[in-house]
Amino acid sequence: MKHEPKQIIMREKLERLASRLEANNFGVTITETAEEAVEFIKHQIPSGASVGVGGSVTLDELGLIDWLRDNPDLKFIDRYRTDDRKKAFHDALLAEVFLMSTNAVTMDGFLYNIDGTGNRLAALIYGPDKVYVIAGANKIVKDLEEAKTRVEQIAAPANCVRLNKDNPCVKMGECMHCNHESTICNQYAVTRRSGEKGRIHIILVNEELGY
Ligand code: SF4
């Protein structure tokens, strides 16, 4: 496959980031394309496993939600098609595998995420045996300061639009640090390292994914 100069440069950056993440006890896989990332995930999930997911544009874009839903060998905890979403969130905390994206990955090797309900962060922090985090190249930032800026200027406002939340960022185009009941920014979490080696496995994709 012929790579564009931008991809070649980004690959170098991804390799450096992978070393930092591995030093922080995370498992890491780099893929050139989203398709490779999807294939990797599909081969990692053992037959019969229970699988939960965090709300994620990336997982949807990659077709992973449909794949999980249609896979009779897996016990997919479908948070999108249930009358009891709270139960689905609780069940996902006991899942063998949890899939999610991240709001940002810093070049220091940290994950930075915000959450409204907190179910996604809860599962990242504790519960599922294995957590796979898919991160497109657009999620990579220099440090935590830049991660916060990225979330306030891009990720959170865009997610408010996606979720039809009438929060100030939707009108203003950036975070207004609101205190609305409908805010999606109740929890901020930095994951500095994977406590159990490799429990959190990050797939760095050399393409833009989600926001
Ligand atoms: S705190 Fe409020 S204004 Fe800021 S991004 Fe979150 S929902 Fe939007």
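Predicted, not measured: the structure shown is a model, and the values here were computed from it.

Caption draft 1: Region of interest: the sheet that holds strand β3 (residues 75-76). One open sheet holds the six strands; their spatial order is β1-β10-β7-β4-β2-β3, and the pairing between them is parallel. With one partner strand each, in any of the chains shown, β1 (27-31) and β3 form the two edges of the open sheet. The pairing of β1 with strand β10 (residues 200-205) spans five bridges and is parallel. Bridging across to β10, T29 finds its partner in I203. Strands in contact with helix α1 (residues 5-23) are β1 and β10; relative to β1, the strand with the most contacts, it is inclined by about 165°.

Caption draft 2: How the structure looks around the site of the ligand. With respect to spatial proximity, 13 residues lie near the ligand, and among them A156, C169, C175, C178 and C185 are the closest. Where the shell around the ligand is concerned, the elements lending two or more residues are α7 (144-162) and α8 (168-172). The leading source of residues in the shell around the ligand is α7, at three residues. Its residues assigned to classes, the shell around the ligand shows ten nonpolar, three polar and no charged.

Caption draft 3: Representation of the sheet that holds strand β6 (residues 111-115) in the model. Across the sheet, four strands lie side by side as β8-β5-β6-β9; this open sheet has mixed pairing. Edge positions in the open sheet fall to β8 (140-141) and β9 (187-191), since each of these has one partner strand only. Pairing of β6 with β9, which is carried by five bridges, proceeds in the antiparallel orientation. From the neighbouring strand, L111 faces β9, where its bridge partner is T191.

Definitions and cut-offs
- Numbers given for residues are sequential positions, taken from 1 along each chain in its written order.
- Given that the model is predicted, a residue must reach a pLDDT of at least 70 before its local features are reported, and side-chain atom pairs must reach 80 or more before they are shown or counted; all residues, however, enter totals for whole chains, interfaces and linings.
- Two strands are said to pair when DSSP picks up at least two bridges between them.
- Secondary structure elements are taken from DSSP: a helix is a run of H or I of four residues or more, a strand is a run of E of two residues or more, and numbering for both begins at the N terminus.
- We call two residues in contact when their backbone-placed C-beta atoms lie within 7 Å.
- Lines fitted to C-alpha atoms define the axes, with helix axes restricted to the stretch in contact, and inter-axis angles between N-to-C directions lie between 0 and 180 degrees.
- Think of it this way: take the backbone, place a C-beta atom on it, and check whether that atom is within 6 Å of the molecule or strand, in which case the residue is near it.
- As a working rule, the residues Ala, Val, Leu, Ile, Met, Phe, Trp, Tyr, Cys and Pro are called nonpolar, Asp, Glu, Lys and Arg charged, and the rest polar, with Gly in that last group.

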